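# Residue-level structural notes
Listed below, chain by chain, are the residues.
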Amino acid sequence: MVVFAGQGDPRRSLSLLWRADAPPPARGGPGPKPRLSVDAIVAAAVALADEEGMTALSMRAVGDRLGRTAMALYTYVPGKSELLDLMYDAVHAELPTAYPESGSGDWRAALTAWAGEVLEFHVRHPWVLQVSQARPVLGPHEYAGLDTLVTLLRATGLPAGVVRRLVGTLFPYVRGSAQAVADARLAAAATGSSDEEWWAARSAALLELVPDFAERFPAVSGLEAEGPVEPYPGEGAEAVPYPEREARETFRVGLGVLLDGIEAARAGRT
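These numbers come from a predicted model, not from an experiment.

Criteria and cut-off values
Residues numbered from 1 in each chain as written. Predicted model: local features only at pLDDT ≥ 70, side-chain atom pairs only at ≥ 80, totals over all residues. Heavy atoms only, no water. Helix = DSSP H or I, 4+ residues; strand = E, 2+ residues; numbered from the N terminus. Lys, Arg positive; Asp, Glu negative; His and termini not counted. Charge placed at Lys NZ, Arg CZ, Asp CG, Glu CD. Patch = residues over 30% accessible without salt bridge, like charges linked within 9 Å, V, L, I, M, F, W, Y side chains within 5 Å. Areas by Shrake-Rupley, 256 points an atom, 1.4 Å probe, with all protein chains shown as cover. Salt bridge = Lys/Arg side-chain N within 4 Å of Asp/Glu carboxyl O. Core = buried A, V, L, I, M, F, W, Y, C linked by side-chain atoms within 4.5 Å. Buried < 20%, exposed > 50% of the residue type's maximum accessible area, 1.4 Å probe, protein only. Contact = heavy atoms within 4.5 Å. Phe/Tyr/Trp six-rings, centres within 6.5 Å; stacked < 30°, edge-to-face > 60°. Axes fitted to C-alpha atoms, helices over the stretch in contact; angles between N-to-C directions. Parallel < 35°, antiparallel > 145°, perpendicular 65-115°, else oblique. Nonpolar A, V, L, I, M, F, W, Y, C, P; charged D, E, K, R; others polar. Left-handed = near helix turned anticlockwise from the far one by under 90°. Expected span 1.5 Å × (residues − 1). Bend = angle between axes of the 7 residues up to and from the residue.

### A word on the overall build of the chain
Assigned secondary structure in the chain consists of 13 helices and zero strands. The linear arrangement of helices and strands in the chain, starting from the amino end, is α-α-α-α-α-α-α-α-α-α-α-α-α. Once the 25 positive and 34 negative side-chain charges of the chain are each reduced to a mean point, those two points are 11 Å apart.

The structure is reproduced here in structure tokens:
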């Protein structure tokens, strides 16, 4: 399911994102109910999406978490569309805005660290991957993340036009890698069968039904025949399921090749 940001009222959405207008007064009252605020509503919505996914998100469900009705939330957040924008921008505050490696002039190490942080961020909040990049939220934390990446890329010395395109290359690459990790984690729970069970059943059937598989697909078969790939070098790798290890190793190797390309572009320019 793809969700598009920025579907609420523009003035109200941006005002909430940038906290440009004074928030409504906090509501107190008898009993233990917590006081409502935009931040409290957003935090409850993020926790709900992290635990149950985007499909569980509704104003009523968020209200239930806060011990309030959905109607009580509308004084602070006009609707689900505006809430989604606020959630998306709020979680981006987790990302670092500076990397020590950049201070030493090591742009490659800084970009590697950035990519790793962004990957893990999306794995922590997989619902963020459902928010389309076609229309940005235009919030302060989203802009801070963009500004950070542009700063790291400008350290390569490449011209602004190339930097713009590299931003458009690196963000989708990391998001795609995070999607692969998130899907690997979700598959067993969503389908009711482990990765081992799934592959064992289908591999046996495929070999039986397509005995000439190697002849029909020689490039794929030849790649497999050349030997195993290098194992994923992450800490505690033996405890990580195979599909996730593959996704993470693919991310690591692919990122290295992308950075090699940046290095080649720098060398060609000089």
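### Quick word on a nonpolar patch on the surface
Judged by side-chain polarity, Leu14, Trp18, Leu138, Tyr143 and Leu146 come together as a nonpolar surface patch covering roughly 440 Å² of accessible area. Looking at the element boundaries, Leu146 is found in helix α8 (residues 140–154).

### A short note on the nonpolar core
Core analysis: the largest hydrophobic core is formed by 63 residues, its most contacted members being Val62 and Leu83. Residue contributions to this core peak at nine residues, all from helix α7 (residues 107–124). Apart from residues lying up to four places away in sequence, Leu83 is in contact with Ile41, Val42, Ala45, Leu57, Met59, Val62 and Val77.

### As for the environment of Leu223
Position of Leu223 relative to the elements: it lies in helix α12 (residues 218–225). For Leu223 and His125, which are 98 residues apart along the polypeptide, the C-alpha to C-alpha distance reads 34 Å.

### Some details on the packing of aromatic side chains
On inspection of all chains with the given rule, the structure shows five aromatic pairs. With 6.4 Å between their ring centres and 45° between their planes, Trp18 and Tyr143 make a pair best called tilted. Separated by 125 residues along the polypeptide, Trp18 in the loop between α1 (10–17) and α2 (38–52) and Tyr143 in helix α8 bring together distant segments of the chain. A residue is classified by how much of its surface remains accessible, and Tyr143, at 41% relative accessible area, is partly exposed. For the ring pair Trp114 and Phe171, a centre distance of 5.4 Å and an interplane angle of 75° mean the geometry is edge-to-face. Residue Trp114 is located in helix α7, and its partner Phe171 is located in helix α9 (residues 160–191); the two are separated by 57 residues in the primary sequence. Take Phe171: its relative accessible area is 23%, and that puts it in the partly exposed class.

### Thoughts on the packing of α9 against helix α13 (residues 242–269)
Their axes nearest at 8 Å, the elements α9 and α13 cross at an angle of 170°. As far as their axial angle goes, α13 and α9 are roughly antiparallel. Counted together, Leu166, Thr169, Leu170, Tyr173, Val174, Ser177, Ala180, Val181, Ala184 and Arg185 of α9 and Pro243, Glu244, Ala247, Arg248, Thr250, Phe251, Gly254, Leu255, Leu258 and Ile262 of α13 form the full contact between these two elements. Class assignment of the residues belonging to the contact of α9 with α13 gives a composition of 13 nonpolar, four polar and three charged.

### A short note on unusual backbone geometry
If you check the backbone angles, Arg19 has positive phi at about 50° while not being a glycine. Mapped onto the fold, Arg19 is located in the loop between α1 and α2. Residue classification places Arg19 among the partly exposed positions, given a relative accessible area of 42%. Of note, the phi angle at Leu138 is positive, near 70°, even though the residue is not glycine. By secondary structure assignment, the location of Leu138 is in the loop between α7 and α8. Judged by relative accessible area, Leu138 falls into the partly exposed class, the value being 33%.

### Brief notes about the pattern of salt bridges
Within the structure shown, the criterion is met by 10 salt bridges. Put simply, Asp39 and Arg19 hold a salt bridge, and the shortest N to O gap is 2.5 Å. Here the residue Asp39 occupies a position in helix α2, and Arg19 occupies one in the loop between α1 and α2, the gap between them amounting to 20 residues. Overall, the relative accessible area of 51% leaves Asp39 in the exposed class.

### Quick look at the packing of helix α5 (residues 80–91) against α8
Two quantities define a packed helix pair, namely the angle between the helix axes and the distance between the axes. α8 packs onto α5 with a crossing angle of 40° between their chain directions and a minimal axis gap of 7 Å. By the angle between their axes, α5 is oblique relative to α8. The hand of the α5/α8 crossing is left-handed. Along the contact surface, α5 presents Tyr88, Asp89 and Ala90, while α8 presents Pro140, His141 and Glu142. The class makeup of the residues in the contact of α5 with α8 is three nonpolar, one polar and two charged.

### Side note on α9
For α9, built from 32 residues, the straight-helix expectation of 46 Å at 1.5 Å per residue is met to within 8% by its first-to-last C-alpha distance of 46 Å. Along α9, the sharpest kink reaches roughly 30°, centred on Arg185. The complete set of buried residues in α9 reads Val163, Leu166, Val167, Leu170, Val174, Arg175, Ser177, Ala178, Val181, Ala182 and Ala184. In this structure, the buried residues of α9 make contact with α5, α7, α8 and α13. The positive-phi residue at the C-terminal boundary of α9 is Gly192, with phi of around 85°.

Limitation: the analysis is restricted to geometry and does not speak to function.
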